[in-house]
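Here is how the chains run, residue by residue.
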Amino acid sequence: MLPTYEGLTGKTAVVTGGSGVLCQAMAKELARQGMGVAILNRNAANGQKIADEIKEQGGTAIAVSCDVLNEESVKEAYEVVKQELGECDLLINGAGGNHPDAITDKETFEAGDIEDATLKSFFDLQLNGFDFVFRLNLVGSLIPTQVFAKNMTERGGNVINISSMSAPAPMTKVPAYSAAKAGIDNLTKWLSVHFADAGIRINAIAPGFFLTEQNRGLLLNEDGSLSTRAEKIISHTPQRRFGKPEDLLGTLLWLADDNTSGFVTGITVPVDGGFMAYSGV
Ligand code: NAD
């Protein structure tokens, strides 16, 4: 079990995408640390399930229906959180994901791909699919930061974005997701500079490869065995395994607590089993 982080007790955390695989683990741990936790999800019922689990363990949590791409929806969620739990001290921008319309079928282009009507090449990517994934992963963190960090300018606060291993060197097939996550690293730095005097720290966590709902189709074959892509990932991960949601929690708590990371802002911390350090040779 992780130690107690005294700087978190009694404060309020807002976790977008908090019913997702990675962020529900974060929401539960922050509640275990004594924070009041608001889970913001498009689907309130999914968020409520996590909030109920937290409450059963003696924690404080609410679920609020919210679309991070809709400014009005985020503002409404802000009002609910303020009324139920008080002002937000820690914002985790966890909502994110991919969409088939923004994914190429093949890793690299080969002669004849354009003529192959059964294949989705780069030239067949749907602009609205690309736009959706780009906006979800970049603007979907910008809007909640605009809404929830405004009050932090008077009291200080903390924002943690979720990046990806696709940010420093883009993964094949997912150009929109990769560009957006690279944008997250850049925006994290920009925000950290912009708000340093206001006492708001902004950092990011870049998870390596975690087997979750959004990438299950890419990583597992129908019979449950590892896909060629998953085998590639594991062979490029020096620790030779996928991450588990709990692997993120130590880094999360360290970044969340001013007592342990008060002089840290503008960085992206890889939690990746060594993926980023490995050249592949
Ligand atoms: P997930 O699909 O399990 O959860 C994503 C959550 O975001 C869901 O609860 C979904 O309801 C919510 N969401 C999606 N669109 C939303 C919207 N418009 N408004 C509000 N909520 C919305 O994903 P996950 O694997 O837990 O990923 C969480 C974050 O971590 C994402 O930003 C993802 O890109 C990132 N990430 C994941 C991995 C991985 O291996 N799974 C690796 C690196 C980064």
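Reading the values: rules and limits
Residues numbered from 1 in each chain as written. Predicted model: local features only at pLDDT ≥ 70, side-chain atom pairs only at ≥ 80, totals over all residues. Heavy atoms only, no water. Helix = DSSP H or I, 4+ residues; strand = E, 2+ residues; numbered from the N terminus. Rg over C-alpha atoms; globule rule 2.2 N^0.38 Å. Contact = heavy atoms within 4.5 Å. Areas by Shrake-Rupley, 256 points an atom, 1.4 Å probe, with all protein chains shown as cover. Near = heavy atom within 4 Å. Polar contact = N/O pair within 3.5 Å; in protein donor to acceptor, adjacent residues only side chain to side chain. pLDDT = per-residue confidence, 0-100. Patch = residues over 30% accessible without salt bridge, like charges linked within 9 Å, V, L, I, M, F, W, Y side chains within 5 Å. Salt bridge = Lys/Arg side-chain N within 4 Å of Asp/Glu carboxyl O. Lys, Arg positive; Asp, Glu negative; His and termini not counted. Charge placed at Lys NZ, Arg CZ, Asp CG, Glu CD. Buried < 20%, exposed > 50% of the residue type's maximum accessible area, 1.4 Å probe, protein only.

Q: Any chance you could break down the overall build of the protein chain for me, citing the residues and the numbers?
A: If you tally the helices and strands in the protein chain, you get 10 helices and 7 strands. Over its C-alpha trace the protein chain gives a radius of gyration of 19 Å, about what one expects of a compact globule, namely 19 Å for 281 residues. For the protein chain, the spread of C-alpha atoms along the three principal axes comes to 60 × 40 × 40 Å. In the protein chain, the share of contacts with a sequence separation of at least 24, taken over all contacts with a separation of at least 6, comes to 71%. Entry remark: accessible area of the protein chain is about 13,600 Å², with carbon and sulfur atoms responsible for 53%.

Q: Pulling in residues and values, what's your account of the site of the ligand?
A: Residues in close proximity to the ligand total 26 residues, the closest being Leu22, Asn41, Tyr177, Thr212 and Gln214. A distance of 3.1 Å separates an oxygen atom of the ligand from a polar atom in the backbone of Gly94. The contact in question runs from an oxygen atom of the ligand to an N or O atom on the side chain of Lys181, over 2.9 Å. In isolation the ligand offers 820 Å² of accessible surface; the protein chains occlude 91% of this area.

Q: Residue-level account of the confidence of the model for the protein chain, with values.
A: Low pLDDT marks stretches whose predicted atomic positions should not be read closely. Summing up the model confidence of the protein chain, the mean pLDDT is 96 and the portion of residues at 70 or higher is 100%. Scoring the predicted complex yields pTM 0.97 and, for the interface, ipTM 0.98.

Q: How would you explain the environment of Ile143 if you had to name every residue and give the values?
A: Its place among the elements puts Ile143 in helix 4 (residues 127–149). Along the primary structure Ile143 and Gly34 are separated by 109 residues, whereas in three dimensions their C-alpha atoms are 27 Å apart. When neighbours within four sequence positions are excluded, Ile143 is seen to be in contact with Val68, Leu69, Asn70, Glu71 and Val74.

Q: Which residues make up a negative patch on the surface, and what values go with them?
A: Taken together, the side chains of Asp105, Glu115, Asp116 and Asp124 define an acidic patch exposed on the protein surface. Mapped onto the secondary structure, Asp124 falls in the loop between strand 4 (90–93) and helix 4.

Q: Give me the lowdown on the pattern of salt bridges, citing residues and values where you can.
A: For the structure shown, the criterion picks out 10 salt bridges. Among the salt bridges present, the one from Lys75 reaches Glu71, with a minimum N-O distance of 3.6 Å. Here Glu71 and Lys75 lie together in helix 3 (residues 71–85), a separation of 4 residues that amounts to about one turn. For Lys75, a relative accessible area of 37% translates into the label partly exposed. Taking the shortest distance from any N to any O, the salt bridge between Glu107 and Arg229 comes out at 3.3 Å. Of this pair, Glu107 sits in the loop between strand 4 and helix 4 while Arg229 sits in helix 8 (residues 228–235), and the two are 122 residues apart along the sequence. Here Arg229 falls in the buried class, since its relative accessible area comes to 11%. One connected set of salt bridges, linked through shared partners, spans Lys106, Glu110 and Asp113.

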